[in-house]
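Report on the structure
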Amino acid sequence: MSLLAPGTPVPEFTLKREDGSDFTREDLLGHTTVLVFYPFAFSPVCTDQLQIYEEALEDFAAQGATLYGVSTDASWSQKAFKEKLGVSIGQLTDFEPKGVAAHAFGAYFEPGGMTNRALVIVGPDGVVRWSHLADSPGDLPGIGLIFDGLAAAAVS
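The residue numbers shown here count from 1 along each chain, following its written sequence. Predicted model: local features are reported for residues with pLDDT of at least 70 only, side-chain atom pairs are reported and counted for 80 or more only, and whole-chain, interface and lining totals are derived from all residues. Water and hydrogen atoms play no part in the side-chain values, which are based on all heavy atoms of the structure.

What follows is about the overall build of the protein. Of regular secondary structure, the protein possesses 5 helices and 9 strands. In DSSP terms, a helix is any run of H or I states spanning at least four residues, a strand is any run of E spanning at least two, and both are numbered starting from the N terminus. Going from N to C terminus, the protein has its helices and strands arranged as β-β-β-α-α-β-α-β-α-β-β-β-β-α. Taken over the C-alpha trace, the protein has a radius of gyration of 14 Å; the compact-globule value for 156 residues is 15 Å, and the two agree within 12%. Remark: exposure states derive from per-residue accessible area (1.4 Å probe, protein chains only) relative to the maximum for the residue type, with buried under 20%, exposed over 50%, and partly exposed in between. Within the span of the protein, comprising 156 residues, buried residues form 49% of the whole. For the protein, long-range pairs separated by at least 24 residues make up 65% of all intrachain contacts whose partners lie at least 6 apart in sequence. Here the positive residues are Lys and Arg and the negative ones are Asp and Glu; neither His nor the chain ends is included. All charge positions are set by atom: Lys at NZ, Arg at CZ, Asp at CG, Glu at CD. If the 9 positive side-chain charges of the protein are averaged to one point and the 20 negative ones to another, these points end up 4 Å apart. Values of the radius of gyration come from C-alpha atoms, whereas the globule rule sets the reference at 2.2 Å times the count of residues to the power 0.38. Any two residues whose heavy atoms approach within 4.5 Å are treated as being in contact.

With that out of the way, let us pick up the pairing of strand β4 (residues 65-71). Burial within β4 is extensive, with 5 of its 7 residues counted as buried. Across 6 bridges, strand β3 (residues 32-37) lies against β4 in parallel orientation. Within β4, the position partnered with leucine 35 by the bridge is tyrosine 68. One bridge is not enough; two strands pair if DSSP finds at least two bridges between them. Both β4 and strand β5 (residues 90-93) contribute to a ladder of 4 bridges, which runs parallel. Each residue of the ladder has a partner; that of serine 71, found in β5, is threonine 93.

This part takes up the nonpolar core. Grouped together as the largest cluster of nonpolar side chains are 21 residues, with contacts concentrated most on Val34, Tyr53, Phe60, Leu67, Phe81, Ile146 and Leu150. At the level of elements, β3, α1 (44-55), β4, α3 (75-85), β8 (118-122) and α5 (143-155) are the ones that each hand at least two residues to this core. If near-sequence neighbours (up to four positions away) are discounted, tyrosine 53 is found in contact with Val36, Phe60, Leu67, Ile89, Leu119, Pro141, Gly142, Ile143 and Ile146. To define a nonpolar core, start from buried Ala, Val, Leu, Ile, Met, Phe, Trp, Tyr and Cys residues and group those joined through side-chain atoms within 4.5 Å.

Right, let's talk about α1 for a bit. The span expected for a helix works out to 1.5 Å for each residue beyond the first. With 12 residues, α1 should reach 16 Å at 1.5 Å per residue; the first-to-last C-alpha distance of 17 Å fits that figure. Within the sequence span of α1, burial applies to Cys46, Thr47, Gln49, Leu50 and Tyr53. Buried residues of α1, seen end-on, are gathered within an arc of 165 degrees and therefore sit on one face of the element. Exposed residues lying more than 90 degrees from the buried face of α1 are Pro44 and Glu55. As used here, the arc is the angular range of directions from the helix axis to the C-beta atoms.

To continue, consider the environment of alanine 5. Relative to the helices and strands, alanine 5 resides in the segment before β1 (14-16). Here alanine 5 falls in the partly exposed class, since its relative accessible area comes to 37%.

Bringing the layout of surface pockets into the picture now. Any space left empty among the atoms is revealed by the rolling of a water-sized probe across them. Every definition here rests on a 1 Å grid over the protein atoms only: cavities are sets of points where a 1.4 Å probe fits but cannot get out, pockets are open sets enclosed by protein on both sides within 12 Å along at least five of seven lines, and lining residues have some atom within 4 Å of a point. Grid points are joined across faces, edges and corners, and a volume is the space filled by probe spheres set on the points. Of the pockets and cavities examined, the largest pocket occupies roughly 150 Å³. Thr14, Leu15, Lys16, Ala74, Ser75, Thr93, Asp94, Phe95, Glu96, Pro97, Val100 and Ala101 are the residues that line the largest pocket. Among the elements that make up the lining of the largest pocket, the one with the highest residue count is β1 (3 residues). Looking at the lining of the largest pocket, its residues break down into 6 nonpolar, 3 polar and 3 charged. Here the nonpolar group is Ala, Val, Leu, Ile, Met, Phe, Trp, Tyr, Cys and Pro; Asp, Glu, Lys and Arg are the charged ones; every other residue, Gly included, is treated as polar.

Bear in mind that shape data such as this cannot, by itself, settle questions of function.
Here is the structure:
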């Protein structure tokens, strides 16, 4: 399966927030959301990625977008990762059953048994406005890519 393309309605899914509560398709409605799929908490590229994105959160918010990190790590790992990095980007776990939401979005990396590195911008109507799948899980999508995606999402 490939990453959800622009114009595709987001499928039903359930992720868990840090506090254990559900985050579903309905939580996307009414907001522009950037789902940042990443492989593993505490890995070098993921660490860099979240720190870089954190520096631009105000700029994303100024464009009406909220970012969430999504991985197949357990929520306690994500929470420790977030605290260690000192970032405020909300974390959503796709831990159990492992990768079900990532599969639904086309962001699961089967050979590694983990979330692939992908960006999905969802419009307030629950439809994908823009998406990007990295060539490999080790590639860091630069911050400019999200701004390009938000610009493309604004005109779609």
